[in-house]
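# Observations on chain architecture
Residue-level listing of the chains:
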Amino acid sequence: MYTFSNHPIGLLPMEQNYDPSKPSISEFFAGRDVFITGGTGFMGKVLIEKLLRSCSKLSNIFILIREKKKKTIMERINEIKNLPLFDKLRNEQSELLDKMIPIQGDVSLLALGLSQDDIDRMYNVSVIFHVAASVRFDDPLKTAILLNTRGTRELIRFAKQLPALRVLMHVSSTYSNPDRYVIEEEMYPAYANWRDAIRIAETFDEQTIDVFAPKYMGFLPNTYVFTKSLAEHIVNEHKDRLPIILFRPSIVISSMKDPIPGWMDNFNGPVGLLVGCGIGICRTMYCDPNNIADFTPVDVCIKAMIVAAWKRGTEPDQR
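Since the model is a prediction, treat every value here as computed from it, not as a measurement.

### Thoughts on the overall build of the chain
- The number of helices and strands found in the chain is 12 helices and 9 strands.
- Once the C-alpha set of the chain is aligned to its principal axes, its extents read approximately 50 × 50 × 50 Å.
- Taking all 319 residues of the chain together, the buried fraction comes to 51%.
- Long-range pairs, those at least 24 residues apart, make up 81% of the contacts in the chain between residues at least 6 apart in sequence.
- Summed over its atoms, the accessible surface of the chain is roughly 15400 Å², and 53% of this surface lies on carbon and sulfur atoms.
- Mean positive and mean negative side-chain charge positions of the chain (38 and 38 charges, respectively) differ by 1 Å.

### A short note on the nonpolar core
- Within the largest apolar cluster, 47 residues are counted, with the highest numbers of intra-cluster contacts made by F29, M43, L51, F129 and M305.
- F29 has contacts with V34, L51, C55, K57, L58, V127, F129, I306 and A309, leaving out every residue within four places of it along the chain.
- Grouped together as the second largest cluster of nonpolar side chains are 42 residues, L141, I198, Y224 and I244 included.

### As for helix α9 (residues 206–217)
- Within the span of α9, buried status applies to I209, A213 and M217. Down the axis of α9, the buried side of the element spans an arc of 60 degrees, and every buried residue falls inside it. Along α9, exposed side chains directed more than 90 degrees from the buried face belong to Q207, V211, P214 and K215.
- Contacts made by the buried residues of α9 are with α7 (141–159), α8 (194–203) and α10 (223–237).

### Some remarks on the pattern of salt bridges
- Evaluation of the coordinates by the stated rule reveals 19 salt bridges.
- Note that R136 is salt-bridged to D139, the shortest N-O span being 3.6 Å.
- For D139, a relative accessible area of 13% corresponds to the buried category.
- The residue R157 makes a salt bridge to E154 at a minimum N-O spacing of 3.2 Å. With a gap of 3 residues between them, R157 and E154 both fall in helix α7, about one helical turn apart.
- Through salt bridges with shared partners, a single ionic network connects E49, K50, R53, D258 and K303.

### Comments concerning the packing of α7 against α9
- Across the interface, α7 lies against α9 with an axial gap of 8 Å and an inter-helix angle of 80 degrees. What the angle tells us is that α7 and α9 run roughly perpendicular. Of α9, the residues touching α7 (which contributes L141, K142 and T143) are E206, I209, D210, A213, Y216 and M217.
- Partitioned by chemical class, the residues of the contact of α7 with α9 number 5 nonpolar, 1 polar and 3 charged.

### Things to note about the pairing of strand β3 (residues 60–65)
- For β3, the tally of buried residues reaches 6 of 6 residues, placing the bulk of the element in the interior.
- Neither face of β3 is left uncovered, since the one carrying N60, F62 and L64 and the one carrying I61, I63 and I65 both have all their residues buried.
- Note that strand β2 (residues 33–37) and β3 share 4 bridges and pair parallel. When the bridges of β3 are listed, F35 appears paired with F62.
- For the segment spanning β2, helix α3 (residues 42–54) and β3, crossover handedness is right-handed.
- Sheet analysis places β3 next to strand β4 (residues 100–104), joined by 5 bridges and oriented parallel. Across the sheet, the residue bridging to I65 is Q104, located in β4.

So, how was this worked out
Residues numbered from 1 in each chain as written. Predicted model: local features only at pLDDT ≥ 70, side-chain atom pairs only at ≥ 80, totals over all residues. Heavy atoms only, no water. Helix = DSSP H or I, 4+ residues; strand = E, 2+ residues; numbered from the N terminus. Buried < 20%, exposed > 50% of the residue type's maximum accessible area, 1.4 Å probe, protein only. Contact = heavy atoms within 4.5 Å. Areas by Shrake-Rupley, 256 points an atom, 1.4 Å probe, with all protein chains shown as cover. Lys, Arg positive; Asp, Glu negative; His and termini not counted. Charge placed at Lys NZ, Arg CZ, Asp CG, Glu CD. Core = buried A, V, L, I, M, F, W, Y, C linked by side-chain atoms within 4.5 Å. Arc of directions from axis to C-beta. Salt bridge = Lys/Arg side-chain N within 4 Å of Asp/Glu carboxyl O. Axes fitted to C-alpha atoms, helices over the stretch in contact; angles between N-to-C directions. Parallel < 35°, antiparallel > 145°, perpendicular 65-115°, else oblique. Nonpolar A, V, L, I, M, F, W, Y, C, P; charged D, E, K, R; others polar. Pairing = 2+ DSSP bridges. Right-handed = clockwise from strand over helix to strand, strands pointing away.

Encoded structure:
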């Protein structure tokens, strides 16, 4: 398994070991079926747009989507296609948008909620980006475990069925190990047993779990970092059976320039604060000056993800 953080240290091994005989990134993705979870989220949308525009010869991008707010999966995928993020692609190569194929499912469900017909349709998938997660810090522990932790287990179970799989990227977070000031590209001891956590979430109701959640999570500040940490250990246990990358971005904010500067579709995390500062509403902030807010533009993060997937996918199978 490769761990990868989108900072200069994480990029060094790629630069030092670059082999000019390898296919380029666009050549690697040509003709491939890609499966993306979390494609309706902030990072997922930017990932889809970048893959279509820069790796236009890929075959299909299957996007896991659930019905939401009485909207069908087709209505939701069409809404994504009409976002300003896709203006450049829509104006220059609109036919590429037809490669976005919605797949009915839900990461929080067993077997991802996939039908057998859709499993058969994705038989030739060779690249998976597992981006889906609940990024809310105040989710009930039961909800967070079923989506962030068990959802990762279910994704891996699906990946085992794919004979052509070349790379599976699990998107985690730098902050899944919040007790460490510096995060190296390695695995750290688990805060709990992921199997026990899933068993608890499947057995007890939300209210019961919330009673013992603070004790169970220990010093960890919220359900997000706890369940993302558990998911990392699921991924790590399968490193010898699947071509896996564990990718840990820091705090992802609006795009720097690609395809348009400053694109953002929500006010999650620090973005609301940054907007307030930018327009002059927020001028002071009470905080610990020793804390570091490590931001990364979403387009930089997505490029790092694609490069990491290419690097793992073009190397000999080391499982």
